[in-house]
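Chain and residue survey
So the chains spell out like this:
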Amino acid sequence: MNKTAYAIKEFFISLGRGDLLTRLRVDRLLPYILYLFALGCISIWMSYHAEQTMLKVEKNNEIIRTLKIYNAQKTYELVGLDRIATVEKMLEEAGSQVKSPEKPADVLD
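Quantities reported herein were computed from a predicted structural model and do not represent experimental measurements.

**Observations regarding a nonpolar patch on the surface**
A grouping of L29, L30, Y32, I33 and L34 is seen on the molecular surface, where their side chains present a nonpolar patch of about 510 Å² in accessible area. Overall, L29 belongs to the partly exposed group, its relative accessible area being 43%.

What follows is the structure in structure tokens.
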């Protein structure tokens, strides 16, 4: 029991002085600790950039959805302008004298 009490006392003394890791000979493992630290930093950095890329993808998908709706609306409008009646109505509203032909064109031989 005396040795256990002495070990606990020495543990707290070395903890207070800050040489606990040196007493446990952790200094031999310093290269491995630095290597693991570097791997952890790289992992965090890659996760951050993957998250940023996914955020950009979501924003771009929203823009694409909006542009698809806009494209469908413009296509509908352009198809509507292809009708002769619509073109005639637009010409009348603009005050143009141009009208659709009343008789078919003559074929010249």
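**Some words on the confidence of the model for the chain**
Taken as a whole, the chain shows an average pLDDT of 87; of its residues, 98% reach a score of 70 or greater. At the level of individual helices and strands, the chain shows its lowest average pLDDT in helix α2 (residues 20–23), which scores 73, and its highest in helix α3 (residues 30–81), which scores 95.

**So, the pattern of salt bridges**
Pairing between side chains of opposite charge can happen when their charged atoms approach one another. Overall, the coordinates contain three salt bridges when judged by the stated rule. Two residues, E62 and R65, come together in a salt bridge whose shortest N-O distance is 2.6 Å. With E62 and R65 both in helix α3, this residue pair falls three residues apart, about one helical turn. Taking relative accessible area as the criterion, R65 reaches 47% and is therefore assigned partly exposed. A salt bridge links K74 to E77; the shortest N-O distance between them is 3.5 Å. In this pair, K74 and E77 are both assigned in helix α3, three residues apart and thus about one turn of the helix distant.

Calculation criteria
Residues numbered from 1 in each chain as written. Predicted model: local features only at pLDDT ≥ 70, side-chain atom pairs only at ≥ 80, totals over all residues. Heavy atoms only, no water. Patch = residues over 30% accessible without salt bridge, like charges linked within 9 Å, V, L, I, M, F, W, Y side chains within 5 Å. Areas by Shrake-Rupley, 256 points an atom, 1.4 Å probe, with all protein chains shown as cover. Salt bridge = Lys/Arg side-chain N within 4 Å of Asp/Glu carboxyl O. Buried < 20%, exposed > 50% of the residue type's maximum accessible area, 1.4 Å probe, protein only. pLDDT = per-residue confidence, 0-100. Helix = DSSP H or I, 4+ residues; strand = E, 2+ residues; numbered from the N terminus.

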